[in-house]
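# A look at the structure
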Amino acid sequence: MTSLESAVLLFRQGRTVDAEQLCARLLESRDRPAALLLMSDIHLSVGRHAEAVPLLEELRRLHPLDAANLRRLGGALLSLGRASEAVEVLTAAVDREPNNVRGHNSLGQALLGLGEAGQAVAQFEKAIAIEPIYAIGFNNLGLAFNALDRGPEALQAFQHCVSLDPNLLPAWFNLGCALRKAGRFEEALAAIDRVLARSPTHANAWSNRAALLGKLERNHEGLVAIEKALQLLPHDAVFMAQRAWLLLCMERHEECLKDAEAALALKPDYAEGLNLKAAALCKLRRPELALSVVERAIALEPGYLDALCTQALTLIGIGDHDAAVLAYRRALAIDGDCMPARAGIVAACIPAVPATREADVASRALLDGELSDFEKWLAIRTSSQRELLQLAQQELFYLSYQEADNGPWLARYRGAIAGRAASPRTMLRSAPQARRRIGIVSSHVFDHSVFVALTLGWLKHLDQSQFEITLLSLGKRKDAQTQTARTLVEHLESDRGGAAAWAARISDLDFDALIYPEVGMDPTTMSLAHLRLAPLQLAAWGHPETTGLATMDGFVSAQAYEPEAAQQHYGEVLWALPHLGVAYAPQPEPEVPLDLETLGLDLKVPLFVCAGTPFKYRPENDQVLAQIAQRVGVCQFLFFDYERRGLSRRLQERLARCFVDHGLDPRLYLKSLPWLPRGKFIALLRRSHVFLDTIGFSGFNTQMLALQAHTPSVAFEGKFMRGRLASGVLRHLGLPELVGGDRERYIDIASRLASDARYHAKIRGRLAEVEPQAYDDPEPVRALERVLTGQTRR
């Protein structure tokens, strides 16, 4: 056996070091050409491409027509990132052997490395034409199609690849990525799991698994997956940002912020990390800082759609809806199918705190145009159920605070989605059960106005011999009231994730009826309301406006709140339950000492409590407060800092302008107080002269707290149920003299209560007498039971 044969044998036996030593001696012998080839193979086998290249180039000089050597040299150059040189060498190789499959494949890879994806496709297709079962060629063809943004063709190529070679793990990984891009998340997850079953240390596969589980709203599982990826690569900024995204989806905003900042510490100009940091800051009510951060992300990547949408949401949070609309329009100019922008721009048309009455009126014309664009877009688009549920999350929340008939507007947006998303099957049970199964779907099963006003009374008083009650708690927040709720029902479901997971669970539970206390106040609840999940589905006045959804069969309201011919304001059948419509019980609150002087209040002048959120105060009503001040003289109107401070500032600035226009110094009259917990708020009410209910969108819970404090109220009787909650309570208690049917009467009542001490004392005494009549009324719940059992007429 010759020395060269011995070196080859050692190499084949895996004794690379011995082979290399023997081969090095042969380079000085007459066997140099063969030794060059063997030594280059040795270098290539251990990844020493830089050392192999000079040897292969020498061989090329010796044998310029050797196509196999050219392929080796081209592959080594490509591994070193020298794609342009690799293309030149590999082109020569395929010219000499045009039917060599691997030559075309390698040339395609080199062209792909140069960004010439179109030419790469041609080379991969030539390779496949020569050898139709060449699996690697199909995998690389898929990568080239991906680079050309030809997703369906890429997906087809990867699918064909794994059918030819089911053991080719890179192809399964690429198939998972392609399926994910196509929105086929369950299939993508199966492909990625196949990779992980054989390669559990594949960090990018764990990362993809986390992303897919997030898309499937299985965030807790996604968090486990991304932790696996971070165990393998603990300092990977992309993985840290991915964990931040999952935490954001889980509403763990502080942790999201921490992870986003950790990613940015590793990669300061990372646009995705900046966007996630901004989104977390926005959720944590730090919008000004969030804006500066997201603007950095957009500066780095002007076409970054998620960042443009984050910017728009942050602008809405501070009340700058005009700028938000522009941000959404920039996103839609880049991608007309960007669903967060399509849905967001419709809602952004209506300002939370409009600067003027004219701006408020103009917003509806803007909304009409955007709704038309949305309807046209949706009509020609094929949307998956998951995408429809995403669109359905848009609440159009601020529209309700305009005192106008919003039913047609809501029906246009929501109806367009529900008509495609709602289950077409008829849901009728085969036979009546001993007890009807009732589900109550709410995201506010904690100490919240909806739970206190409506849900708690139902849970306490519904007849459980007739009804099996399941409380479906969609929200993340839990407190003592959540625990109370758990003791009042047979079943409480929680922590199911997003709308798709909840819809599946609710379908499995097979309810006779579902009650939604607050459609329009939460994205997940909003999505579920678009679906037909029970034979009877009812909305209630936790959000006091028609839903605009044909999937809601009835709307549960109260006789005390509804005007004549109220049915015309509802797309649902209106069920106006007796009296206040609820079995309300006051929440026990201990006496809390409150030093009004430390709050900057003047105890010598009348104090008017104005407890509404900023968006309840519309510009056309600002003059009401100014005219009260003109009549009463020096007094103070007490407002409260909302959690979105920017909205409170906009309201204060607008009110200040109105007071100046009326010749009044706003600094003497307008006071902004910190948001007070219930006990301190009641203490403030007791020390104040008058509670002024908001005009156009009333407050039930604040009216009940004023009643509990025996503080005289002034209520305005609006056009719609949402503007008649406080007036309904006062009329029910026999105090119609506190209800203003128009703004002039409202001003008269407030002025008299502030100026006439005897009248004020009389009203306070009457409130103490009638207060018990507002509580623990069983009749509305009995009436609701008759609605649920079909024993009553409309």
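Residues numbered from 1 in each chain as written. Predicted model: local features only at pLDDT ≥ 70, side-chain atom pairs only at ≥ 80, totals over all residues. Heavy atoms only, no water.

### Some remarks on the nonpolar core
Note the cut-off: Side-chain atoms within 4.5 Å are what join buried Ala, Val, Leu, Ile, Met, Phe, Trp, Tyr and Cys residues into a set we call a nonpolar core. Remark: exposure states derive from per-residue accessible area (1.4 Å probe, protein chains only) relative to the maximum for the residue type, with buried under 20%, exposed over 50%, and partly exposed in between. Residue contacts are counted whenever heavy atoms from the two residues lie within 4.5 Å of one another.
Counting residues in each nonpolar core, the largest one holds 247 residues, and the members touching the most others are Leu 528, Trp 541, Phe 608, Ile 628, Phe 637, Leu 692 and Phe 700. Sequence-distant contacts of Phe 700, defined by excluding residues within four places in its chain, comprise Ala 453, Trp 541, Tyr 561, Val 582, Tyr 584, Leu 725 and Val 729. One finds Leu 601, Val 609, Ala 683 and Ala 706 within the second-largest nonpolar core, a separate group that totals 20 residues.

### Remarks on empty space enclosed by the protein
Which entries qualify depends on this criterion: Whether a set of points on the 1 Å grid over the protein atoms alone is a cavity depends on a 1.4 Å probe fitting there but being unable to get out, while an open set qualifies as a pocket with protein on both sides within 12 Å along at least five of seven lines; lining residues are those with an atom within 4 Å of a point. Grid points are joined across faces, edges and corners, and a volume is the space filled by probe spheres set on the points. Residues are grouped as follows: Ala, Val, Leu, Ile, Met, Phe, Trp, Tyr, Cys and Pro are nonpolar; Asp, Glu, Lys and Arg are charged; every other residue, Gly included, is polar.
Taken as a whole and assessed by the stated rule, the structure comprises six cavities of 30 Å³ or more. Residue lining of the largest cavity: 13 residues in total, with Tyr 617, Asn 621, Leu 625, Thr 694 and Ile 695 positioned closest to the centre. Each pocket or cavity is described by its volume, and for the second largest cavity that value is around 90 Å³. Lining the second largest cavity are Asp 405, Asn 406, Gly 407, Pro 544, Glu 545, Thr 546, His 569, Tyr 570, Phe 720, Met 721 and Arg 722. Per-class residue counts for the lining of the second largest cavity are four nonpolar, four polar and three charged.

### Some remarks on the sheet that holds strand β7 (residues 573-577)
Heads up, the condition is: A strand pair is defined by DSSP finding two or more bridges across the two strands. Strands are runs of DSSP state E lasting at least two residues, helices are runs of H or I lasting at least four, and both sets are numbered from the N terminus onward. Comment: axis = line fitted to C-alpha atoms, over the contacting stretch for helices; angle = value between 0 and 180 degrees taken between N-to-C directions.
With respect to topology, seven strands assemble into an open sheet ordered β3-β2-β1-β4-β5-β6-β7, the strand pairing being parallel. The open sheet has two edge strands with one neighbour each: β3 (491-494) and β7. The sheet shows a mean angle of 25° between the axes of neighbouring strands, taken without regard to direction. Taken together, the four bridges between strand β2 (residues 467-473) and β3 define a ladder with parallel strand orientation. Looking at β3, one finds that Leu 471 is bridged to Leu 492. Of the strands in this sheet, β1 (436-442), β2, β4 (513-516), β5 (536-540), β6 (554-558) and β7 touch helix α37 (residues 779-789), which is tilted by about 150° from β7.

### Brief notes about the packing of aromatic side chains
Going by this rule: Working definition: rings of Phe, Tyr and Trp (its six-membered ring) pair if their centres are within 6.5 Å, and the pair is stacked with planes under 30 degrees apart, edge-to-face with planes over 60 apart, and tilted otherwise. Note on criteria: charge over ring means Lys NZ or Arg CZ within 6 Å of the ring centre, with the direction from the centre no more than 35 degrees off the ring normal.
Under the definition given, this model contains 23 aromatic pairs. Centroid distance Phe 615 to Tyr 642: 5.6 Å. Interplanar angle 85°. Geometry classified as edge-to-face. Separated by 27 residues along the polypeptide, Phe 615 in the loop between β8 (607-609) and α29 (622-632) and Tyr 642 in the loop between β9 (636-640) and α30 (645-661) bring together distant segments of the chain. For the residue pair Phe 615 and Tyr 642, the accessibility class agrees, reading buried in each case. Cation over ring: Lys 267 sits above Tyr 270, and NZ or CZ is 4.3 Å from the ring centre. A cation over a ring is seen here: Arg 752 above Tyr 759, with NZ or CZ 3.6 Å from the ring centre.

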